[in-house]
2 protein chains.
Amino acid sequence: MKQTAPAEAISRKYPEWIVFVVTRDAAGKPNIMPAGWAMICSGNPLMVCVAIGHSRYTHKCIEQTGEFVFAWAGENQASLVEYSGSHSGAEENKFEKFSIPTAQPSVINVPLLAEAAANLECKVHQAITTGDHTIFVGEVVAAHVPDPPIRKLDNFAGNYCVALPEKS
Amino acid sequence: MKQTAPAEAISRKYPEWIVFVVTRDAAGKPNIMPAGWAMICSGNPLMVCVAIGHSRYTHKCIEQTGEFVFAWAGENQASLVEYSGSHSGAEENKFEKFSIPTAQPSVINVPLLAEAAANLECKVHQAITTGDHTIFVGEVVAAHVPDPPIRKLDNFAGNYCVALPEKS
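The shown structure was predicted, so the numbers you read here are calculated from the model rather than taken from an experiment. (Residues numbered from 1 in each chain as written. Chains lettered and ligands numbered in written order. Predicted model: local features only at pLDDT ≥ 70, side-chain atom pairs only at ≥ 80, totals over all residues. Heavy atoms only, no water.)

With that out of the way, let us pick up the sheet that holds strand 2 (residues 16-17) of chain A. Residues and elements named next belong to chain A. One open sheet holds the three strands; their spatial order is 2-12-13, and the pairing between them is antiparallel. Every interior strand has two partners, whereas the edge strands, strand 2 and strand 13 (159-161), have only one. In terms of strand pairing, strand 12 (residues 154-156) meets strand 13 through three bridges, oriented antiparallel. Bridged to Asp-154 within strand 13 is Cys-161. (Pairing = 2+ DSSP bridges. Helix = DSSP H or I, 4+ residues; strand = E, 2+ residues; numbered from the N terminus.)

Under the definition given, this model contains twelve salt bridges over all chains. The shortest N-O distance in the salt bridge between Glu75(A) and Arg151(A) comes to 2.9 Å. With a gap of 76 residues between them, Glu75(A) in the loop between strand 7 (67-72) and helix 3 (78-85) and Arg151(A) in the loop between strand 11 (133-145) and strand 12 connect regions that are remote in the sequence. The partner of Glu8(B) in a salt bridge is Lys2(B), and the shortest N-O contact between them spans 3.9 Å. (Salt bridge = Lys/Arg side-chain N within 4 Å of Asp/Glu carboxyl O.)

What follows deals with the pairing of strand 7 (residues 67-72) of chain B. All names here are of chain B. Burial analysis of strand 7 places six of its six residues in the buried class, which makes it a mostly covered element. Because side chains alternate across strand 7, one face comprises the buried residues Glu-67, Val-69 and Ala-71, and the other comprises Phe-68, Phe-70 and Trp-72, equally buried. Pairing of strand 3 (residues 19-24) with strand 7 involves four bridges; the strand directions are antiparallel. Residue pairing in the sheet places Val-21 in a bridge with Phe-70 of strand 7. The pairing of strand 7 with strand 10 (residues 118-130) spans six bridges and is classified as antiparallel. Following the sheet pairing, Glu-67 is matched in strand 10 by Lys-123. (Buried < 20%, exposed > 50% of the residue type's maximum accessible area, 1.4 Å probe, protein only.)

Interpretation in functional terms is not warranted from these geometric data alone.
Structure (C-alpha cells):
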C-alpha cells in the first residue's frame, strides 16, 4: 500500500454505476444528466440521493421544482450517457434533440426513461451543500421497472457497457 | 415500464460496489463493515460519504471519533465482506478475529486495509440524518493504493466477485 494522489486512488473505483437524473425546470422543460455520484441513503422510508455540481442545470431544476427521477441506465443508453453528459439543458431540450423514449410518471411531474433499468420517482427531502456539490436527498414516492427487464449499464472508465461477474 | 414495489426496482441495481468503512471506537478498538450505500460527493475539496444505519456499531464509532477509512473492496476480500457484514463490532474485534491484513494510515488513527483496491482516509465534515440512516460526509485527507493494483470486488446480489465489461 503506497500513499498517492487522491485522483489515482479514485481511478480505482471503476466500474461505477450510472444513474440518470431526470428533472424539469420551472418552465416545464425536461432535462437529464448522468451521475455516478448517487446512492441509496435510507431503507424505511426509502430514500436515494445524488450529488450534483452547483453549476449544473439539473441543480437549478431540482431547486426550482423539488422533484427528480433517479434511473439506473439501461444497456442501450450508452450514447445517451455521452450525449446528456456533454450538453447543457440550459441551452436545449435534450429530450427533443435526442428523441429520448419516455414513459408516464404516476406521482411527480417528471418523465420516466422507457429504456432505463429502473425508475424511481423522488420528492426532495433535504439538500445539503458538500464542497462544490449539493447532495439532494429524495424520498421515493413511486417505482417503475421495464417488463421484460433491461440490463443495467455500468461505467468502466468511459467504456459504458454491461458488467458481467467473473465467476457466477 | 410498469409501476412496481420499490423493492423490486431496487433489486435492479446490481452490480453495486462494495466499500469497507473502517473505524475505531472511543477505546481504540478497530471496526469494519461493508457498505453499498457510499459515493463521492465533492470534487474540490474531495469528499466521500457513506450512509450508515443508526443501530450499527460503525455509527457509534464515527460519532465518537469523527474519522473513517473509505476503502473499495479488493478481489480477495469476498469472505471479509460476508464476515464483517454479519458480525457486530460491539461484541468483538473483527480485525483480531479475522486476522485482517492492515497498513498504516498517514493522517487519521484508523487502519488501512492492505488488500483493498484503494483506501481513503476521511475526517467527518458533516453528518446528516436521512430516515433510518445517517449520511457521514468525509473530507479525504490522504489516499493510498496497493502496488501492484488489486482489482475491485463488486456485489452481484450476494455473489461477490470482479465485474468484467461485456465489451471492451
